[in-house]
Amino acid sequence: MSTLELEQQGALSAEPELGERIAVKPKGADMPIYIFLAASAILCVVSFFVLDLNWGKVIERIPNLGSVVAEMLHFSLDKFDLTISTLMETIATTILAVFYGLIIGMVVGAFGAKNIAPWKGLATVIQCVLTFVRAVPTTVWALLILACMGFGISAGIAGLLFHTIAFFGKVFAQTFEEVPEETLEALRAAGANRIQIFFGAVLPASLTGLIAWSALRFEITFGEATILGMVGAGGVGYTIMAAVNSYQLGRAGLAVVLVFIFAYIIEAVTTTMKGKLKVL
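The notes below deal with the structure included here.

1. A closer look at the overall build of the protein chain
(1) Moving on: Each helix and strand in the protein chain was counted, giving 11 helices and zero strands.
(2) Moving on: Listing every helix and strand of the protein chain by position from the N terminus yields α-α-α-α-α-α-α-α-α-α-α.
(3) Moving on: Per-residue burial for the protein chain yields a buried fraction of 32% across its 280 residues.
(4) Moving on: Of the contacts made within the protein chain by residues no fewer than 6 positions apart, 74% connect residues no fewer than 24 positions apart.
(5) Moving on: When the accessible surface of the protein chain is totalled, it reaches about 17700 Å², and 71% of it is carbon and sulfur.

Set out below in structure tokens:
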């Protein structure tokens, strides 16, 4: 029997018989998904009991939502200049937090990338520290800074920096590690030092990713800066909280709409930028 006939016979014998099930994936491969869903359902039920939610009161107050929203839509121009000023403060806070976080995060990411770090133990330690910083909410960091520095914009920037640096350090390290090892070995063989390798190969190769991550982080940081204003870090968040507490809902509504508009502009610019970077 020829080799061709043997191959044809083997192919025929490998074909499933009529009515026989074809194994698409190993048995029990879906078990982690079922465990995750079951654990999520259990945690949800436990959360209901821990919070002792009064759904009757919630349902009873739902009609009030419409009247509050309607009152907020009656925009008030009272202290409009202050609203614009605090919005500019929030935007400036976001810009500075992202800029400082970008610079420091790039350095941290360079030492946290295992392919370019002086030694891998240092990269592991940095990654652990960044994980810890990201695990603590931004609001908690901001409250710690406020307790040390007092209320104000500078405390808000310092509070935002913790998460921003940790975010950039993590994503930049991952981006730097995607640079082919062959490129780095070739530069080392040519006698290039670590600084020359970083600025001559690693940074240019990662530039597209860095721009995309920076745009995304700006969008996230603006939202965080707005929320931090409500806990005393200044900016438009404080204006919204003060207006609501004094029942000036028209003024609060106008500030919220301005935040929505700027957030939408950021989203549109980020989406456009990501599309262009993909083309490049």
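Alright, that's what it looks like, and here's the rest.
2. Quick word on the packing of aromatic side chains
(1) Moving on: The final tally for this structure, using the stated rule, is 10 aromatic pairs.
(2) Moving on: Measuring from centroid to centroid gives 4.4 Å for tryptophan 141 and phenylalanine 162, while their planes differ by 0°, and the two rings are stacked. Taken together, the residues tryptophan 141 in helix α6 (residues 138-149) and phenylalanine 162 in helix α7 (residues 153-177) connect sequence positions 21 residues apart.
(3) Moving on: Residue classification places tryptophan 141 among the buried residues on the basis of a relative accessible area of 12%.
(4) Moving on: Its relative accessible area of 31% is what places phenylalanine 162 among the partly exposed residues.
(5) Moving on: Centroid distance phenylalanine 176 to phenylalanine 198: 5.3 Å. Interplanar angle 85°. Geometry classified as edge-to-face. Placement of the pair is phenylalanine 176 in helix α7 and phenylalanine 198 in helix α9 (residues 194-228), with a sequence separation of 22 residues.
(6) Moving on: Under the relative-accessibility criterion, phenylalanine 198 is labelled buried at 12%.

3. Structural notes on the pattern of salt bridges
Think of it this way: side chains of opposite charge can pair up when their charged atoms draw near.
(1) Moving on: Considering all chains together, one arrives at two salt bridges under this definition.
(2) Moving on: Residue arginine 188 pairs with glutamate 185 through a salt bridge whose shortest N-O separation is 3.2 Å. Separated by three residues within a single helix, arginine 188 and glutamate 185 lie in helix α8 (residues 181-189), roughly one turn from each other.
(3) Moving on: Among the residues examined, arginine 188 registers a relative accessible area of 32% and is labelled partly exposed.
(4) Moving on: Between arginine 217 and glutamate 224 there is a salt bridge, with the nearest N and O atoms lying 3.0 Å from each other.
(5) Moving on: Here arginine 217 falls in the buried class, since its relative accessible area comes to 3%.

Cut-offs used in this document
Residues numbered from 1 in each chain as written. Predicted model: local features only at pLDDT ≥ 70, side-chain atom pairs only at ≥ 80, totals over all residues. Heavy atoms only, no water. Helix = DSSP H or I, 4+ residues; strand = E, 2+ residues; numbered from the N terminus. Buried < 20%, exposed > 50% of the residue type's maximum accessible area, 1.4 Å probe, protein only. Contact = heavy atoms within 4.5 Å. Areas by Shrake-Rupley, 256 points an atom, 1.4 Å probe, with all protein chains shown as cover. Phe/Tyr/Trp six-rings, centres within 6.5 Å; stacked < 30°, edge-to-face > 60°. Salt bridge = Lys/Arg side-chain N within 4 Å of Asp/Glu carboxyl O.

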